Amino acid sequence: MQIDFTKSPDGLVPVVIQDEQTLEVLMLGYMNQEAYDKTVQDKVVTFYSRSKNRLWTKGETSNNFLHVKSIHIDCDNDTILIKSKPNGPTCHTGERSCFKTTYNQNFILELESIIEDRYTNPQEGSYINKLRKKGLNKIAQKVGEEGVETVIAALAETETDLINEASDLVFHLLVLLREKGLNIQTIAKNLEGRHAPKSSDHTVS
């Protein structure tokens, strides 16, 4: 699909920037043909700034670049969606999103990104680094322990206890998935496949 820049008299089309992992909407900007071509070539988001009247690469002064992961065009060929990996906060105010949502509804996915960063950039003293050094058996054991503690909390403890134990379980499961080279997207795709209408005890409904 080709973008129709002629629909707007100024040759600009709106561009929605979305976090590639958490799917959170980060900002809205505009591109002309030149900005789009530069974005595709450099794999870093470049807008056309209506206030500066020039091309503007997001992060050119702050280094908070938006690295392009995929580009999608809407059905009318006049709006662009870019899934990106942000290099730091997206908003000039220091917020992760220009829309300042009250909480990160996708923090589990962001947590997965933090775990990935600890794997690729080990930090001495971090819990993930200590856990990883103990190996797969210990990581898997922690998932089992947290699973049992979650069940106990659900049956005999307070709601706060259950929330805390379930949080520990999810965290250690994410570490285990990373240790095995998997991620939460893999699990989501599997669950989506199970959701397809069919007679199965494992179907999600």
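This is a predicted model, so every value here is computed, not measured.

So, the pairing of strand S3 (residues 46-49)
- Here four bridges tie S3 to strand S4 (residues 54-57), and the two strands are oriented antiparallel to one another. Each bridged residue has a counterpart across the sheet, and for phenylalanine 47 the counterpart in S4 is tryptophan 56.

Some points on the UniProt feature "domain: Phosphoribosyl-AMP cyclohydrolase" (unreviewed entry) in the chain
- The feature "domain: Phosphoribosyl-AMP cyclohydrolase" (unreviewed entry), as annotated in UniProt, sits at residues 27-100 in this numbering.
- Note that residues 27-100 is 14% helix and 38% strand, and that its end C-alpha atoms are spaced 10 Å apart.

A word on helix H4 (residues 136-156)
- With 21 residues, H4 ought to run about 30 Å at 1.5 Å a step, and its terminal C-alpha atoms sit 30 Å apart, in line with that.
- What H4 keeps buried is the set Ile139, Lys142, Val143, Glu146, Thr150 and Ala153. When H4 is viewed along its axis, its buried side chains cluster within an angular range of 100 degrees and face the same direction. Along H4, the residues that are exposed and aim more than 90 degrees away from the buried face are Asn137, Leu155 and Ala156.
- Those residues of H4 that are buried are in contact with helix H2 (107-120), helix H3 (127-134) and helix H5 (159-179).

Brief notes about the packing of aromatic side chains
- Applying the stated criterion to the full structure yields three aromatic pairs.
- Ring centres 6.0 Å apart and planes at 35 degrees place the aromatic pair tyrosine 127 and phenylalanine 171 in the tilted group. Linking tyrosine 127 in helix H3 with phenylalanine 171 in helix H5, this pair joins segments that are 44 residues apart in sequence.
- A relative accessible area of 16% places phenylalanine 171 in the buried class.
- Taking NZ or CZ as reference, lysine 52 lies 5.4 Å from the ring centre of tryptophan 56, over its face.

Observations concerning the domain arrangement of the chain
- By the assigned domains, the chain splits into domain 1 (13-86) and domain 2 (107-195).
- A straight line from the C-alpha centre of domain 1 to that of domain 2 covers 33 Å.

Here's the deal with the environment of phenylalanine 107
- Structurally, phenylalanine 107 is set in helix H2.
- Taking relative accessible area as the criterion, phenylalanine 107 reaches 40% and is therefore assigned partly exposed.

Considering the nonpolar core
- Counting residues in hydrophobic clusters, the biggest one holds 17 residues, and the most contacted among them are Ile17, Met31, Val45, Ile80 and Ile82.
- Of all elements in the fold, only strand S1 (13-19), strand S2 (25-31), helix H1 (33-42), strand S5 (66-73) and strand S6 (80-86) reach the threshold of two or more residues within this core.
- Residues Ile139, Val143, Phe171 and Leu176 belong to the second largest nonpolar core, which totals 11 residues.

A closer look at a nonpolar patch on the surface
- Taken together, the side chains of Val25, Leu28 and Phe99 define a hydrophobic patch exposed on the protein surface, amounting to about 270 Å² of accessible area.
- Among the secondary structure elements, phenylalanine 99 is positioned in the loop between S6 and H2.

Considering the pattern of salt bridges
- The full count for this structure, using the stated rule, is nine salt bridges.
- Ionic pairing is found between aspartate 78 and lysine 7, a salt bridge with its closest N-O pair at 3.6 Å. Highlighted residues: aspartate 78 in the loop between S5 and S6 and lysine 7 in the segment before S1, separated in sequence by 71 residues.
- By relative accessible area, which is 46% here, lysine 7 ends up partly exposed.
- Between glutamate 24 and arginine 96 there is a salt bridge; the shortest N-O distance is 3.0 Å.

So, the sheet that holds S1
- Strands sit in the order S2-S1-S6-S5 across an open sheet of four strands; the sheet is mixed. Among the strands making up the open sheet, the edge pair consists of S2 and S5. When strand polarity is set aside, the average angle formed by the axes of neighbouring strands in this sheet is 30 degrees.
- As paired strands, S1 and S6 are joined by five bridges and run parallel to one another. Following the sheet pairing, valine 15 is matched in S6 by isoleucine 80.
- The strands touched by H1 within the sheet are S2, S5 and S6, with S2 carrying the most contacts at an inclination of about 125 degrees.

Thresholds, definitions, all that
Residues numbered from 1 in each chain as written. Predicted model: local features only at pLDDT ≥ 70, side-chain atom pairs only at ≥ 80, totals over all residues. Heavy atoms only, no water. Pairing = 2+ DSSP bridges. Helix = DSSP H or I, 4+ residues; strand = E, 2+ residues; numbered from the N terminus. UniProt positions renumbered as here; feature names shortened; annotations may be inferred. Expected span 1.5 Å × (residues − 1). Buried < 20%, exposed > 50% of the residue type's maximum accessible area, 1.4 Å probe, protein only. Arc of directions from axis to C-beta. Contact = heavy atoms within 4.5 Å. Phe/Tyr/Trp six-rings, centres within 6.5 Å; stacked < 30°, edge-to-face > 60°. Lys NZ or Arg CZ within 6 Å of the ring centre and 35° of its normal. Domains from an automatic or database assignment. Core = buried A, V, L, I, M, F, W, Y, C linked by side-chain atoms within 4.5 Å. Patch = residues over 30% accessible without salt bridge, like charges linked within 9 Å, V, L, I, M, F, W, Y side chains within 5 Å. Areas by Shrake-Rupley, 256 points an atom, 1.4 Å probe, with all protein chains shown as cover. Salt bridge = Lys/Arg side-chain N within 4 Å of Asp/Glu carboxyl O. Axes fitted to C-alpha atoms, helices over the stretch in contact; angles between N-to-C directions.

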